[in-house]
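# A closer look at the structure
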Amino acid sequence: MTEHHPADDGLAAVAAAVVDAESTHRRLLQSVVSAAVGIFGARASSIFLLDEPADQLVFAAVAGEGERHLVGRRFPAREGIAGWVLASREPMVVTDLATNTTFSRAAAESTGYVPNRLLAAPLIRDERAIGVLEVLDHDPDVVRSRDAISLLMLIGDQASVAIEVVERNLASQRLLAGQDDDDYDDLVAITRSLAQLDGARRQAGAELLSSLRTLLDSSVN
């Protein structure tokens, strides 16, 4: 019979924590796109994250149209409006996609849903674009009554900071599990990210971090 070592229990606990962190990451992204759908009265919202080695954007979370089948789907990182927003690190508001030359209709048709209007903002971390937040077929009245770009960028800022928190937590768990040999720099980068925000964005980021810490604590306890 194989001898049981206490270290085995520790490794199993860390492995479980990795799974919990990955689940937290998925729930976080889903909460962001679900909130975006509600805020903008939209038909759908998506978060794409950049897979740098593959030079592809990946559907990491989807709310509304396509949420049952698009997560995990990939396309070239420089394609369409998402690709333009990623490369330029600038937001985009399109009120009529039929006349927009950057919009990839073929890519949209392949997802099973072709929108008419679109809002898109880059997700920025440490001055790098790590992904794109899109809102499809938003309510025109909602957008007219607000500064749509500022609101979208605010949501994107919160998402970027929160994604970093979860990914670093996941990286630390993987490091403990022996799944990652890279050095783990605690929360220095998170503090730096928050320090670079100002006003309402900084406050919103702090509030989201607080909520995220509560979620992470509950997953460990």
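Here, the structure is the one placed above.
Bear in mind the structure is a predicted one, so any value in this text is a computation, not a measurement. (Residues numbered from 1 in each chain as written. Predicted model: local features only at pLDDT ≥ 70, side-chain atom pairs only at ≥ 80, totals over all residues. Heavy atoms only, no water.)

### Thoughts on the overall build of the protein chain
For the protein chain, the count of helices and strands is 7 helices and 6 strands. From first element to last, N terminus to C terminus, the protein chain shows the α and β order α-β-β-β-α-β-α-β-β-α-α-α-α. Here the protein chain, with 221 residues, has 43% of them falling under the buried criterion. Pairs at least 24 apart in sequence give 56% of the contacts found in the protein chain among residues at least 6 apart. Carbon and sulfur atoms make up 50% of the accessible area of the protein chain, which amounts to about 11700 Å² in all. (Helix = DSSP H or I, 4+ residues; strand = E, 2+ residues; numbered from the N terminus. Buried < 20%, exposed > 50% of the residue type's maximum accessible area, 1.4 Å probe, protein only. Contact = heavy atoms within 4.5 Å. Areas by Shrake-Rupley, 256 points an atom, 1.4 Å probe, with all protein chains shown as cover.)

### Comments concerning the pattern of salt bridges
With the rule as written, the count across this model stands at 4 salt bridges. Where Arg128 meets Glu52, a salt bridge forms, and the shortest distance between an N and an O atom there is 3.4 Å. One end of the pair, Arg128, is in strand β6 (residues 128–136); the other, Glu52, is in the loop between β1 (44–51) and β2 (56–64), with 76 residues separating them in the sequence. Accessibility expressed as a relative area gives 35% for Arg128, which makes it partly exposed. With relative accessibility at 52%, the residue Glu52 sits in the exposed group. Notably, a salt bridge pairs Arg78 with Asp55, separated by 3.6 Å at the nearest N-O pair. (Salt bridge = Lys/Arg side-chain N within 4 Å of Asp/Glu carboxyl O.)

### A short note on the environment of Gly112
Tracing the backbone through its elements, the reader meets Gly112 in the loop between α3 (105–111) and β5 (118–125). Its relative accessible area of 68% is what places Gly112 among the exposed residues. In this structure, the C-alpha to C-alpha distance between Gly112 and Glu65, residues 47 residues apart in sequence, is 8.6 Å.

### Concerning the pairing of β1
When you tally the buried positions in β1, you get 6 out of 8 residues, the bulk of the element. Relative to β2, β1 runs antiparallel, the two being bridged by 8 bridges. In the sheet register, Leu50 faces β2, and the bridge partner there is Leu57. Counted between consecutive antiparallel strands, the loop separating β1 from β2 contains 4 residues, among which Asp55 sits at a positive phi close to 55°. Sheet topology places β1 next to β6; 6 bridges connect them, and they run antiparallel. When the bridges of β6 are listed, Ser46 appears paired with Glu134. (Pairing = 2+ DSSP bridges.)

### A closer look at the sheet that holds strand β3 (residues 74–76)
As summarised here, the arrangement of the 6 strands in space is β3-β2-β1-β6-β5-β4, forming an open sheet in which the pairing is antiparallel. Single-partner strands in this sheet number two, and they are β3 and β4 (92–94). Within the sheet, the average angular offset between the axes of one strand and its neighbour, ignoring direction, is 25°. Note: β2 against β3, 3 bridges, orientation antiparallel. Bridged to Val58 within β3 is Arg74. Across the sheet, helix α2 (residues 80–88) touches β1, β2, β3, β4, β5 and β6, and the angle it forms with β6 is around 140°. (Axes fitted to C-alpha atoms, helices over the stretch in contact; angles between N-to-C directions.)

### Brief notes about the packing of aromatic side chains
For the structure on display, the rule yields 3 aromatic pairs. Ring geometry for Phe48 versus Phe59: centroids 4.5 Å apart, planes at 55°, classification tilted. Placement of Phe48 in strand β1 and of Phe59 in strand β2 is noted, with a sequence separation of 11 residues between them. On the basis of relative accessibility, which here comes to 7%, the residue Phe59 falls in the buried class. Of the aromatic side chains, those joined through ring pairs into one cluster are Phe48, Phe59 and Phe75. (Phe/Tyr/Trp six-rings, centres within 6.5 Å; stacked < 30°, edge-to-face > 60°.)

### What about the environment of Leu57?
Tracing the backbone shows Leu57 in strand β2. On the basis of relative accessible area, Leu57 is assigned to the buried category, the value being 0%. It is 7.3 Å that separates the C-alpha atoms of Leu57 and Gly131, two residues lying 74 residues apart in sequence. Filtering out sequence-adjacent residues up to four positions away, Leu57 remains in contact with Phe48, Leu49, Leu50, Arg73, Arg74, Phe75, Pro76, Ala77, Ala82, Gly83 and Leu86.

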